[in-house]
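Residue strings, one per chain:
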Amino acid sequence: MAHVERQQWDVVIVGAGGAGLRAAIEAREQGLRTAVICKSLFGKAHTVMAEGGIAASMGNVNEGDNWQVHFRDTMRGGKFLNQWRMAELHAREAPDRVWELETWGALFDRTPDGRISQRNFGGHEYPRLAHVGDRTGLELIRTLQQKVVSLQQEDFQESGDYEARIKVFQECTVTQVLKEDDRVSGVFCYERESGRFFVLESPAVVLATGGIGKSFKVTSNSWEYTGDGHALALLAGASLINMEFVQFHPTGMVWPPSVKGILVTESVRGDGGVLRNSEGKRFMFDYVPDVFKEKYAESEQEADGWYEDPDSNRRPPELLPRDEVARAINAEVKAGRGSPHGGVFLDVSTRMPAETIKRRLPSMHHQFRELADVDITAEPMEVGPTCHYVMGGVDVDSDTAAARGVPGLFAAGEVAGGMHGSNRLGGNSLSDLLVFGRRAGLHAAEYARGHADERPRVGDAQIDAAAAEALRPFGVGSAPEEERAREPEAAENPYTVHQDLQRSMNELVGIIRREEEMSEALERLAELRERARRAKVEGHRQFNPGWHLALDLRNMLLVSECVARAALNRTESRGGHTRDDHPEMDREWRRANLVCTLAATAPEPPGAGSEAAAEAGTETGAGRAGRIALRRREMPPIRKDLLELFEKEELIKYLTDEELTSE
Amino acid sequence: MTTAPDTTSYDAHFKVWRGDVDGGGLEDFTVEVNEGEVVLDIIHRLQATQAPDLAVRWNCKAGKCGSCSAEINGRPRLLCMTRMSVFDRDETLTVTPLRAFPVVRDLVTDVGFNYEKARQVPAFVPPQDLGPGEYRMQQEDVGRSQEFRKCIECFLCQDTCHVVRDHEENKTAFAGPRFLMRVAELDMHPLDAAEETGLDRKSTAQEEHGLGYCNITKCCTEVCPEHIKITDNALIPLKERAADRKYDPLVWLGNKIRRRTS
């Protein structure tokens, strides 16, 4: 057995984005020794790319706002599939989480009376997003990073050691959550720089690893978004819910090819930008769905009047929730009314003065000028949908962020499922990170304190197994018998396998889905799994990106299968899941969560389906059995006082008659 | 319509530094370039087709995270924001790791120096009399510090600054432009209450973070991918204020009195 260093910590946080850092701050402030482990350098997490703002009903710009209105908007945006308790906690606590950032040094843009300014965004009834130009995520991550540093400075004053109670293990990756007797006991990690393995022993582990976008070809996500936390949770015995719901942000760059997918912030539309097709038509007026008809303007005149006088005009349809706008753009392009590079036009140049654009949208101005030779103050941008966010994630307890079924495991932020239902509203992600990051840190700390005297000890066998798995791409791991028999087959290049995976998911489980294509996707995923097993890398263990990718493939393949299997099963269209063959939203599906777990390890005979098949009743038995089992679960009914926040006429559109009359 | 015509693709010549702490050298590559690509695209193509273990840091590929800092033809730049079209097609591009920091492997350097310096700047001090939600600040007052908070911590300014670029011995005493700017940012924060706790940020810039080493050659400003006017807006004002504090007894006295009465 190789010697592997072990360290003991009270709480381990996996991920150093908004949720991870907020969790770490909380656990440390509870007095516990907290380790943060992240794949990139400290302060580089994907949160920096968030642009528009943090949604919180502070009511600084419109006094009509309050948590109830925010809750309503969130439920509508998610088409009522949200875990309502999470949506409630989120709406109630978001303002406190934003104000707290100011006490840590954040500098938001201001209203004329000196309070935090708030901007309009899709699906939000009032101006609600606290922001700093269009670089809000950077402000968030830097503020949290600097708060962590300030806590380290306090510890240094006290003990002479900056890292006495909070330490960031940067550029390290977790490959396994370890368990003893069904409880979490720590994490197995490698350090990118040296390739060295180490174990952090801890009774409580918080997953805050973000999303899965790197399984898709066109995405706004960075390389880190390989679904690590989703996969770690599955492998540790937890469940994922809502994995069929993937958000395609309506506006990503489409040209040049090398930047295709990079995000164009929704603030462009929130601040007055409009979408036009190749005929110059503002097409969004044609795409307002019935459930939103009363709330959106019917003419350009009314829409334009809303920016100045929101009380007597309805909002422009460009500010519909993201799923609606993305589908509309997709339809326009398909109908032959797209822009030269296969998108549509997003224009601010005719809507506001150049100086205003530069002040309000500085990074967009910079990004288009530097990367596409487009001056957005003088000409329209070309934009199209890009894979942006996964609504699905770890099945957690709403109040404590504890993963169901795995004591000691917690999840917060994008890796947790339920909060956003079938579609997330813009701005609700950063607030989600803060609200549930804090809760995860708090409850992980409480859990760890409760188990202080009976810390699980990590067994050597587990460590050896994890090390062997991690070394397999070098060809030195212990491959099982049946794989050794296949060994003569050609080694695979991990980069090629990754590209093939991205293409398959993009083409077959993308923004518009069909049964045959998803069945084919499952076939291809099975093949890719075989190929990934043969992935071989060159060189040694020091900072070797080929090796890192080979290990990440396991995670991407697991979550991709969850997405494909759940999407195939859900025979309706809702939020971030659009079925060409089932285009309507079905009230019967409203209360259903599709729950993914790891299938029994023994390979099942083809066509046998799984436990899932029987329970879901609609399994198509697509080809080879995979690694994921799927079952359908009913959601608890929405609490009465929360239901009463809505008009009956609106609820009829979402809830079944039975649900409406069951009180 | 969406596919680029063949005429826009060409083969480029690259020299990429490969090696580790024990040494290394430039390796030659010939690699395909397509329309609209940036240098990071080419490095990724090398990884996927010729050098799978070529080490490079990157994250967002959109100029927002500041991870992919390196030197192209000797100039500190972000690989993701450097278009191939700014170079001649027959020019050989030389890509090397940041020179001011110890190399880890290939294009990856140990930037730990910056994290050490970050810890040495005392954090924001919240005003005692204001609770969360009670902060009131005017846009024109937060604007100055907001410019510095645009910093993506790519550390290109730290790399190019001649005080430390070829002078390892100055690193202990000198925080570098990024962290002197951080001092300026906190000093200009409308509600920072450091003074009430006896911390004078202006004089610490001089006395503890090595502001005196800076002789305003503006190299940092030139390489900043966020176009922050580091020298003009952060360092020079900080120097002026530090000088006021140090040499002008009236300013010193005035500050003492004002602080007592507030």
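Quick notes on the rules
Numbering of residues starts from 1 in each chain and follows the order in which that chain's sequence is written. Working convention: letters from A go to chains and numbers from 1 go to ligands, in the order in which they are written. Reporting of local features is limited, given that this is a predicted model, to residues whose pLDDT is at least 70; pairs of side-chain atoms are given and counted only at 80 or more, and all residues count toward the totals for whole chains, interfaces and linings. UniProt positions are given in the numbering used here, feature names are shortened, and annotations may be inferred rather than shown by experiment. In this description a helix means any DSSP run of H or I spanning at least four residues, a strand means any run of E spanning at least two, and both kinds are numbered starting from the N terminus. With C-beta atoms placed from the backbone, the exposure class of a residue follows from how many other C-beta atoms lie within 10 Å of its own: 20 or more, buried; 12 or fewer, exposed; in between, partly exposed. Any residue pair is listed as a contact if its two C-beta atoms, each placed from the backbone, are within 7 Å. Here the globule rule reads 2.2 Å times residues to the power 0.38, and the radius of gyration is calculated from C-alpha atoms. The start and end points of each domain follow an automatic or database-based domain assignment. Just so you know the grouping, Ala, Val, Leu, Ile, Met, Phe, Trp, Tyr, Cys and Pro go in nonpolar, Asp, Glu, Lys and Arg go in charged, and all remaining residues, Gly too, go in polar. Here, a strand pair is defined by DSSP locating no fewer than two bridges between the strands. To define axes, lines are fitted to C-alpha atoms, for helices over the stretch in contact only, and angles between the resulting N-to-C directions are given on a 0 to 180 degree scale. The predictor reports its confidence for every residue as pLDDT, a score running from 0 up to 100. Note on terminology: angles under 35 degrees are roughly parallel, angles over 145 are roughly antiparallel, angles of 65 to 115 are roughly perpendicular, and the others are oblique. Each crossing is labelled by how the near helix is turned from the far one, with a counterclockwise turn of less than a right angle marking it left-handed and a clockwise turn marking it right-handed.

The name recorded for chain B in an unreviewed UniProt entry is Succinate dehydrogenase / fumarate reductase iron-sulfur subunit, from Streptomyces qinglanensis. Heading Sequence similarities (unreviewed entry) of the UniProt record for chain B holds this comment: "Belongs to the succinate dehydrogenase/fumarate reductase iron-sulfur protein family."

Looking at an unreviewed UniProt entry, chain A carries the name Succinate dehydrogenase / fumarate reductase flavoprotein subunit, with the source organism given as Streptomyces qinglanensis. Check the Cofactor (unreviewed entry) section of the UniProt entry for chain A; it says "FAD".

J.: Which parts of the structure should I look at to understand the overall build of chain B?
T.: Counting its regular elements, chain B contains ten helices and seven strands. For chain B, the spread of C-alpha atoms along the principal axes amounts to about 75 × 45 × 30 Å. Relative to its full complement of 262 residues, chain B shows a buried share of 46%. Across chain B, contacts joining residues at least 24 apart in sequence account for 63% of those joining residues at least 6 apart.

J.: Can you walk me through the overall build of chain A in this structure?
T.: Across its full length, chain A holds 20 helices and 20 strands. Relative to the compact-globule value of 26 Å for 663 residues, chain A shows a C-alpha radius of gyration of 24 Å, a close match. Dimensions of chain A along its principal axes, counting C-alpha atoms only, are 75 × 65 × 60 Å. By residue count, 60% of the 663 residues in chain A fall in the buried class. Contacts in chain A between residues far apart in sequence, at least 24 positions, make up 74% of those at least 6 positions apart.

J.: Explanation requested: the domain arrangement of chain B in the structure shown.
T.: When the parts of a complex come together, some accessible area is lost, and that lost area is often used as the size of the interface. All names here are of chain B. If you check the domain split of chain B, you get domain 1 (6–109) and domain 2 (112–261). Between the C-alpha centres of domain 1 and domain 2 there is a distance of 33 Å. The interface is formed by twelve residues belonging to domain 1 together with 13 residues belonging to domain 2. Across the side of domain 1 that touches domain 2, the residue classes tally to seven nonpolar, three polar and two charged.

J.: Which parts of the structure should I look at to understand the domain arrangement of chain A?
T.: All names here are of chain A. Each assigned domain of chain A is listed with its residue range as follows: domain 1 (5–246 + 389–460), domain 2 (247–388) and domain 3 (587–661). For domain 1 and domain 2, the distance between their C-alpha centroids amounts to 29 Å. Counting residues at the interface gives 25 residues for domain 1 and 27 residues for domain 2. Tallied by class, residues from the side of domain 1 that touches domain 2 come to eight nonpolar, twelve polar and five charged.

J.: I'm lost on the sheet that holds strand 17 (residues 393–394) of chain A in this one. Help?
T.: Paired through backbone hydrogen bonds, the strands of a sheet run either parallel or antiparallel to each other. All names here are of chain A. Strand order across the open sheet formed by four strands is 17-12-19-20, with antiparallel pairing between neighbours. The two strands at the open ends of the sheet, each matched to only one other strand, are strand 17 and strand 20 (628–634). Summarising the sheet, strand 12 (residues 240–241) and strand 17 pair through two bridges and their orientation is antiparallel. For Leu240, the partnering residue across the bridge sits in strand 17 and is Val394.

J.: Is there a simple way to think about the UniProt feature "active site" (unreviewed entry) in chain A in this case?
T.: Residues and elements named next belong to chain A. UniProt records the feature "active site" (unreviewed entry) at Arg322, using the numbering of this structure. In this structure, Arg322 sits in helix 8 (residues 322–334). Overall, the presence of 26 C-beta atoms within 10 Å leaves Arg322 in the buried class. When sequence neighbours within four positions are dropped, the list of residues in contact with Arg322 reads Gly122, Gln247, His249, Pro250, Asn423 and Gly426.

J.: Quick question: what am I supposed to make of the sheet that holds strand 16 (residues 381–390) of chain A here?
T.: All names here are of chain A. Read across the open sheet, the four strands follow the order 13-16-15-14; overall the sheet is antiparallel. The sheet is open, and its two borders are formed by strand 13 (246–253) and strand 14 (274–276), each paired with just one other strand. Taken pair by pair, the neighbouring strands of this sheet meet at an average axis angle of 45°, ignoring direction. The sheet contact formed by strand 14 and strand 15 (residues 344–347) spans three bridges and is antiparallel. Along strand 15, the bridge assignment pairs Val274 with Asp347.

J.: Just to check I follow, could you spell out the environment of A:Asp347 for this structure?
T.: All names here are of chain A. Inspection of the secondary structure assignment puts Asp347 in strand 15. By the C-beta count within 10 Å, which is 19 here, Asp347 ends up partly exposed. Spatially, the C-alpha atom of Asp347 lies 51 Å from that of Val184, the residues being 163 residues apart in sequence. Not counting residues within four places of it along the chain, the set of residues in contact with Asp347 comprises Gly273, Val274, Arg276 and Pro380.

J.: Please clarify how the confidence of the model for chain A should be interpreted in this entry.
T.: Of the residues in chain A, 94% have a pLDDT of 70 or more, and the chain-wide mean is 93. With pLDDT under 50 throughout, residues 602–623 of chain A is counted as low confidence; its partners more than four residues away or in other chains account for 41 contacts.

J.: Could you clarify how one ought to interpret the interface of chain A and chain B in this entry?
T.: Between chain A and chain B, the residue contacts involve 55 residues of the former and 50 residues of the latter. For the side of chain A that touches chain B, the secondary structure elements donating two or more residues are helix 3 (84–103), helix 4 (136–159), helix 10 (362–372) and helix 16 (545–569) of chain A. In terms of residue count, helix 4 of chain A provides more of the side of chain A that touches chain B than any other element does, eight residues in total. Grouping the constituent residues of the side of chain A that touches chain B by class yields 22 nonpolar, 19 polar and 14 charged.

J.: Just to check I follow, could you spell out the environment of A:Ala440 for this structure?
T.: Examined against the element boundaries, A:Ala440 turns out to sit in helix 11 (residues 428–450). With residues up to four places along the chain from it excluded, the contact list for A:Ala440 reads A:Ala23, A:Val206, A:Ala401, A:Phe410, A:Ala411 and A:Ala412.

J.: What is the right way to look at the pairing of strand 19 (residues 592–598) of chain A in this model?
T.: Along any regular strand the residues' side chains alternate between the sheet's two faces. Residue and element names in this part refer to chain A. In terms of burial, strand 19 is largely enclosed, as five of its seven residues are buried. Relative to strand 19, strand 12 runs antiparallel, the two being bridged by two bridges. Bridge pairing in strand 19 links Ile241 to Val595. The pairing of strand 19 with strand 20 spans seven bridges and is antiparallel. Residue pairing across strands places Val595 opposite Arg631, the latter belonging to strand 20.

J.: How do you make sense of the pairing of strand 1 (residues 10–20) of chain B when you look at a structure like this?
T.: All names here are of chain B. In this sheet, strand 2 (residues 23–33) lies alongside strand 1 in antiparallel orientation, the contact comprising eleven bridges. Paired with His13 across the two strands is Thr30, which belongs to strand 2. Turn length for the strand 1-strand 2 hairpin, with the two strands adjacent in sequence and antiparallel, is two residues. Sheet analysis places strand 1 next to strand 5 (residues 92–96), joined by four bridges and oriented parallel. Bridge pairing in strand 5 places Val16 opposite Val95.

J.: When you look at the environment of A:His46 in this model, what are you seeing that I'm missing?
T.: All names here are of chain A. One can find His46 in the loop between strand 3 (34–38) and strand 4 (54–55). Assessed through the 29 C-beta atoms surrounding it within 10 Å, His46 is described here as buried. With 596 residues separating them in the primary sequence, His46 and Leu642 have C-alpha atoms 33 Å apart. What His46 contacts, discounting residues up to four positions off in sequence, is Gly17, Gly210, Asn221, Ser222, Glu224 and Tyr225.

J.: Hey, could you run me through the UniProt feature "coiled-coil region" (unreviewed entry) in chain A in this one?
T.: Here, UniProt's "coiled-coil region" (unreviewed entry) annotation points to residues 511–538 of chain A. Counting secondary structure, residues 511–538 of chain A comes out at 68% helix and 0% strand; the distance between its end C-alpha atoms is 36 Å.

J.: I keep staring at the packing of helix 3 (residues 139–149) of chain B against helix 6 (residues 177–188) of chain B and nothing clicks. Help me out?
T.: Residue and element names in this part refer to chain B. As a packed pair, helix 3 and helix 6 sit with axes 8 Å apart at the nearest point and diverge in direction by 155°. Here helix 3 lies roughly antiparallel to helix 6, going by the angle between them. Note on packing geometry: the crossing formed by helix 3 with helix 6 is left-handed. Between helix 3 and helix 6, the residues in contact are Arg144, Ser145, Phe148 and Arg149 and Met181, Ala184, Glu185 and Met188, respectively. Split by residue class, the contact of helix 3 with helix 6 holds four nonpolar, one polar and three charged.

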